[in-house]
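Residue-level listing of the chains:
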Amino acid sequence: MAKKTEKKLAAWDIVQIARHAERPNITDYIRLLCDDFVELHGDRLFGDDRGLIGGFATIGGRRVVLIGHRKGRGVDENIEANFGMASPEGYRKAMRLMRLAEKYGLPVVSFVDTPGAYPGSEAEARGQAEAIAHNLEFMATLKTPIVVVVTGEGGSGGALGIAVGDRILMLQNAVYSVISPEGCASILWRDGSKAPQAADALKITAESLKGLGIIDAIVPEPAGGAHADPAATAAAVKKAVLACLEALCAVPLKSLVAQRYDKFCAMGCR
Amino acid sequence: MSWFEKPAEAPARVPTDAIWAVCPSCKAYVAKEAWRAADKVCPRCNHHERLNCRERVALLTDAGSFKELNAEVSFNDPLSFSDSSGAYADKAKATVAKTGEGESILTGTATVEKIAVVLGVMDFKFLGGSLGSGTGERIRLAAEKAIALKRPLIIVSASGGARMHEGIVSLMQMAKTCAAIARVKEAGLPYLSILTDPTTGGVSASYAMVGDLNIAEPKALIGFAGRRVIEQTIKQKLPDDFQTAEYTLAHGFVDHIVPRKELKAFLANVLRYAGY
Ligand SMILES: [Zn+2]
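So, here is what we can say about the structure in this document.

**Topic: the overall build of chain A**
Part 1: Counting its regular elements, chain A contains 12 helices and 8 strands.
Part 2: Taken over C-alpha atoms, the radius of gyration comes to 17 Å for chain A, in line with the 18 Å a tight globule of 270 residues would show.
Part 3: Principal axes of the C-alpha set define a box for chain A whose edges measure 50 × 45 × 45 Å.
Part 4: Scored against the burial criterion, the 270 residues of chain A give a buried share of 59%.
Part 5: Surface accessibility of chain A: about 10,500 Å² in total, with carbon and sulfur atoms responsible for 55%.
Part 6: Charged side chains in chain A number 32 positive and 31 negative. The centres of these two groups are separated by 5 Å.

**Some thoughts on empty space enclosed by the protein**
Part 1: Under the definition given, this model contains 4 cavities of 30 Å³ or more.
Part 2: In this structure, the largest cavity occupies an estimated 110 Å³ of space.
Part 3: Together, 14 residues line the largest cavity, and E124 of chain A together with M209, I222, G223 and T248 of chain B are the ones closest to its centre.
Part 4: When residues of the lining of the largest cavity are traced back to their parent elements, those giving at least two are α6 (128–141) of chain A together with β11 (222–223) and α8 (245–250) of chain B.
Part 5: In terms of residue count, the dominant contributor to the lining of the largest cavity is α6 of chain A (3 residues).

**What to know about the coordination of the zinc ion**
Residue and element names in this part refer to chain B.
Part 1: Donor atoms from the polypeptide that coordinate the zinc ion comprise C23 (SG), C26 (SG), C42 (SG) and C45 (SG), at 2.2 to 2.4 Å from the metal.
Part 2: Viewed at the metal, the 4 donor atoms of the zinc ion are separated by angles of 105 to 112 degrees, and the geometry they form is tetrahedral.
Part 3: If you list the donors of the zinc ion from N- to C-terminus, the spacing comes out as C-x2-C-x15-C-x2-C. One end of the pair, C23, is in the loop between β1 (20–22) and β2 (29–31); the other, C45, is in the loop between α1 (32–37) and α2 (53–60), with 22 residues separating them in the sequence. In this pair, the class of C23 matches that of C45, namely buried.

**Examining helix α2 (residues 26–33) of chain A**
Side chains that are three or four residues apart share a direction in an α-helix, a result of its 3.6 residues per turn.
Part 1: Within α2 of chain A the residues assigned to the buried category are I26, D28, Y29, I30 and L33 of chain A.
Part 2: At the N-terminal boundary of α2 of chain A, the capping side chain belongs to N25 of chain A, with an oxygen 3.1 Å from the backbone nitrogen of T27 of chain A.

**Details of unusual backbone geometry**
Residue and element names in this part refer to chain B.
Part 1: With an omega dihedral of -15 degrees, the bond running from D197 to P198 counts as a cis peptide bond.
Part 2: Within the fold, P198 resides in strand β9 (residues 191–200).
Part 3: Unlike most non-glycine residues, K40 shows phi in positive territory, near 65 degrees.
Part 4: The residue K40 is located in the loop between α1 and α2 in this model.
Part 5: The class for K40 is buried, based on a relative accessible area of 17%.
Part 6: Positive phi, normally seen in glycine, also occurs at N70, with a value near 55 degrees.
Part 7: Counting through the fold element by element, N70 comes out in the loop between β3 (67–68) and β4 (82–83).

Rules of the game
- Residues numbered from 1 in each chain as written.
- Chains lettered and ligands numbered in written order.
- Predicted model: local features only at pLDDT ≥ 70, side-chain atom pairs only at ≥ 80, totals over all residues.
- Heavy atoms only, no water.
- Helix = DSSP H or I, 4+ residues; strand = E, 2+ residues; numbered from the N terminus.
- Rg over C-alpha atoms; globule rule 2.2 N^0.38 Å.
- Buried < 20%, exposed > 50% of the residue type's maximum accessible area, 1.4 Å probe, protein only.
- Areas by Shrake-Rupley, 256 points an atom, 1.4 Å probe, with all protein chains shown as cover.
- Lys, Arg positive; Asp, Glu negative; His and termini not counted.
- Charge placed at Lys NZ, Arg CZ, Asp CG, Glu CD.
- 1 Å grid on protein atoms, 1.4 Å probe; cavity = no way out; pocket = protein on both sides within 12 Å on 5 of 7 lines; lining within 4 Å.
- Points joined across faces, edges and corners; volume = space filled by probe spheres on them.
- Donors = N, O, S within 2.8 Å, 3.2 Å for Na, K, Ca; no water.
- Tetrahedral: all angles 85-135°; square planar, octahedral: opposite > 155°, others 65-115°.
- Polar contact = N/O pair within 3.5 Å; in protein donor to acceptor, adjacent residues only side chain to side chain.

Function cannot be read off these values alone, since they describe shape.
Spelled out as structure tokens, the structure:
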């Protein structure tokens with residue numbers, strides 16, 4: 001647990017923790033908090049994205065469909081996973097698995113950790129925009145509970161494409177933003193080196209987002225950040241996710257979907 | 001052969017803005033009157049110049065039929081955002097004063113060849129048509145109006161994407177608008193999306209891409225990531241036609257490219273197929 005005496009970190013410092021090479025990734029979380037995991041591959045249309053993975057998982061005895069961005073550890077794994085930047089195939093695979101979740105009556109747990117959707121010409125050609133848009137529309141009406149955990153970087157539309165849910169959790173040192181601080185600084189400050197200012201202005205930390213009503217709860221991290229104690233972090237995530245699932249599974253599906261609509265409609269309204 | 005089909009060259013004297021329009025694409029000089037009569041489509045190169053939201057409404061709806069909805073919903077400044085050039089709230093207020101619009105989308109009820117619809121039209125002149133929380137709220141209200149009135153919903157997009165100044169709240173408008181569109185579809189009502197120049201970023205990745213039909217104007221820029229970002233990522237130059245309406249159609253994401261002059265009749269025809 002974070003010590004109250006710890007110095008308050010600036011948004012830019014938190015960005016560094018969120019991007020830390022040793023920060024637990026989805027592979028770690030699957031190992032540390034799932035009793036069982038059956039990976040399911042492919043979007044049935046084009047291919048199998050290694051930057052966004054998913055499958056059946058059992059968490060604390062509860063069966064779910066788990067999806068999430070995959071960052072690698074080390075160069076080879078990161079190249080395979082495209083540094084967690086998903087392609088249209090990834091979003092379409094996620095949708096296929098969520099359909100399966102709805103059909104089998106399983107809740108969805110979505111782990112978000114991406115710098116953003118992959119900005120490549122192939123991704124454009126295969127409809128990156130359509131893939132994300134379709135997921136947003138689809139997740140809004142999915143008739144099963146959805147719990148989202150932003151574990152590291154919540155990078156813009158690439159994050160949101162699997163982040164429409166009934167409960168949005170965020171790790172203490174995760175960030176979630178419409179644009180990277182560097183990108184925002186180079187556009188609005190015309191100087192990429194002003195990223196720390198942009199990070200602050202964009203209000204991308206868990207604390208800020210809780211204040212804005214965008215996320216529901218903050219999952220605490222060990223002192224120094226999640227990478228200092230992945231097991232303790234995973235235990236905290238597991239506890240928070242199970243609490244959400246317990247609450248959500250008690251809600252009739254019709255009310256659940258209606259509440260999800262109201263939740264997102266309230267965002268940004270005075 | 002009309003005079004305007006000759007190669008573009010500046011008249012001997014510098015034309016005044018009052019008489020001449022210059023095509024931003026081929027640089028041809030076109031008499032303002034002819035430019036207006038052609039709905040800002042260049043008679044020489046078929047460039048479709050951006051329309052503001054009121055011009056677009058006039059183009060698509062029956063004269064006098066448009067009634068604006070939710071004009072009181074204006075921009076928000078949820079982050080109290082400032083950058084090196086000042087406060088977002090000041091910029092937004094100046095934009096409201098300059099454009100006379102409260103947000104980057106104008107919404108209302110209207111008829112299109114006597115078919116009653118709910119219509120939303122984005123305006124690129126309002127902060128680059130960016131998707132702010134006021135924009136998202138107007139779209140939600142328009143979608144709910146379409147459901148209440150059992151009318152088709154038409155949205156004309158013209159946007160560079162999310163509005164950075166509203167940060168995460170802007171991003172969430174993508175989810176909110178798509179949720180509202182999903183309800184329109186669940187109600188069995190048509191949703192037609194018209195993608196005009198430009199439709200990119202968070203708008204292409206939300207309501208603009210999920211139409212029952214996605215309809216585009218010729219040569220409109222349509223895409224998710226910016227050309228420069230992609231070129232930096234893949235370390236290659238992209239072809240000129242990359243992310244054009246024509247490219248998007250060829251890749252299967254747009255149903256039809258419709259010249260501006262034919263757009264209203266096209267919409268009415270489609271709506272008749274949908275039973276209206
Ligand atoms: Zn021209």
